[in-house]
Amino acid sequence: METGRWVLVKSAVPVIGGSLAYMHDPLILMRQLYQRHGPVAPVAMAGPGPAAFILGPEACGAALQNGDKAFVNGWEALVGPFFHRGLMLLDGPEHKQHRRILQQAFTRERLAGYTAALHPAVMSELRGWQAAERFPAYTWLKRLTLNLATQIFMGGHRIADPLELDRVNRAFVDCVQAAGAILRVAVAGNKWHRATRGRATLERFLGAHLPAARAAGGDDLFSVLTRVEDEDGTRFGDADVVNHMIFLLMAAHETTTSTVSTAMYYLGRHPDWQDRVRAEAAALGPTPTVEQLSALPDLDMVIKECQRLVAPVPVVARRVVKDTEVAGRHLPAGTRAFVCQQLSHYLPELWTSPEAFDPERFAPQRCEDRSHRFAWAPFGGGVHKCLGMAFSNIEARTVLAQVLRRFRWSVPTHYAPPMSNVSLPYPRDGLPVALRPTAPTGGGRPTPA
């Protein structure tokens, strides 16, 4: 039985306010509310109007599928000023049209091109990793994925100034962290102020490089978004390209960092699984294709299990625009609804020993993820399901395969990272691991210590 979950705190906490309790430990709060109230639980959350948590696969599925069109985007109050008009923040016909255009940037052919560009970029980044007893894996992974975002999505070869890229990366971090701000007014030095400046930095940066991206006609996402169109020939204007780039870059690096850092933690605790997925990765050679990366059964099970334990998108924010009913419970218009798919990943009626790291629960002979359509929903669901999910998964597989080929690592038996849940979950201590180079494989030499 797995004894070390990502969150250190094990005991229940008094619900002294949903926002503070969520920051303390979201899973404990979800369990408390589910036990007390069932699938629709009133909760005191910072912000205007009533709020409710939607809990359990049936209720989450009803809200995400949104059959009576009662739910719309609820992210505006949390991150709207900083990811304005990103796909996640659009609704109705406008969302449908933008999604149709964006889908042309994530076809199988384009994913193959992005993946081919990922390998040399990841290998270059990993040259900076040095063996250490306390190597901060999350810190370095976040730096790696931010740099990949600017290189692969933005054609970084056209952007020569590393100081400018550092400012861009910092701006993304500030925008993401603002989601958990208690004071949602810009006061010099606070999170909201830093995010406001960060958004302005990103708009200036992307706006300045947009003409070059359009003229280049390249295969990076920035260039692709300037020319993709739907079946009616509709294209994005300059403002739409900038808005979608800011959101997609945030989503790409956050979800990939979450998945790979979770994998490094659990594989560090389970050397048998680390050896299994390393053997799969080594057998492919240094630059596997999308098809090869997608056909690794052990790696696939590990990634799915890590996304179950720490969902890249643990909660989806919605707003109720007309009176509706979920799981037999009335929700009045004006309610802020938080769809908590992370709880479903830990329900014992859906999963065997849900606290345990057990990738084989996803094996064909078990298929525990099929116990309910929404038993496993790490990227949400319905019409707003993450469009970049396929790319995020390929990027995670690429990064993890390259790390496995070059390094082995471990974490202490009883160590569990102290998690920050102010915005998306991440380990406050940087996830220290004991990192060592592997023995040379057929694909090349390991990174020297």
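Summary of the structure given here. Remember, it's a predicted structure, so these values are computed and weren't measured experimentally.

1. Some words on the sheet that holds strand S8 (residues 336-339)
Ordered by their spatial adjacency, 5 strands build an open sheet running S1-S2-S8-S5-S3, and the pairing between neighbours is mixed. In the strand order of this sheet, the two ends are held by strand S1 (40-42) and strand S3 (71-73), each with one partner. Adjacent strand axes in the sheet meet at a mean angle of 35°, parallel and antiparallel pairs treated alike. Pairing geometry for S1 and strand S2 (residues 51-54), over 3 bridges, is antiparallel. Looking at S2, one finds that Val40 is bridged to Ile54. Sheet strands in contact with helix H2 (residues 26-37) are S1 and S2, and its direction is about 105° off that of S1.

2. Let's talk about a nonpolar patch on the surface
Together, Leu183, Val185 and Val187 make up a nonpolar patch on the protein surface, roughly 250 Å² of accessible area in all. Topologically, Leu183 is positioned in the loop between helix H8 (162-177) and helix H9 (191-216). Look at Leu183 and you get partly exposed, because its relative accessible area is 48%.

3. A look at the packing of aromatic side chains
A complete count under the given rule lists 12 aromatic pairs for this structure. An aromatic cluster is present here, built from Trp129, Phe135, Trp140 and Phe407 joined pairwise through their rings. Here Arg276 stacks its cationic end above the ring of Trp273, 3.8 Å away from the centre of that ring. When the ring centre of Trp351 is taken as reference, the NZ or CZ atom of Arg308 above it lies at 5.3 Å.

4. With respect to unusual backbone geometry
In this model, Asn66 sits at a positive phi of 55°, which is unusual for a non-glycine residue. As for its position among the elements, Asn66 is in the loop between helix H3 (57-65) and S3. With relative accessibility at 13%, the residue Asn66 sits in the buried group. Not every positive phi belongs to a glycine, and Leu431 is a case in point at roughly 60°. Residue position: Leu431 is located in the loop between strand S11 (426-427) and strand S12 (432-437).

The rules behind these values
- Residues numbered from 1 in each chain as written.
- Predicted model: local features only at pLDDT ≥ 70, side-chain atom pairs only at ≥ 80, totals over all residues.
- Heavy atoms only, no water.
- Pairing = 2+ DSSP bridges.
- Helix = DSSP H or I, 4+ residues; strand = E, 2+ residues; numbered from the N terminus.
- Axes fitted to C-alpha atoms, helices over the stretch in contact; angles between N-to-C directions.
- Contact = heavy atoms within 4.5 Å.
- Patch = residues over 30% accessible without salt bridge, like charges linked within 9 Å, V, L, I, M, F, W, Y side chains within 5 Å.
- Areas by Shrake-Rupley, 256 points an atom, 1.4 Å probe, with all protein chains shown as cover.
- Salt bridge = Lys/Arg side-chain N within 4 Å of Asp/Glu carboxyl O.
- Buried < 20%, exposed > 50% of the residue type's maximum accessible area, 1.4 Å probe, protein only.
- Phe/Tyr/Trp six-rings, centres within 6.5 Å; stacked < 30°, edge-to-face > 60°.
- Lys NZ or Arg CZ within 6 Å of the ring centre and 35° of its normal.

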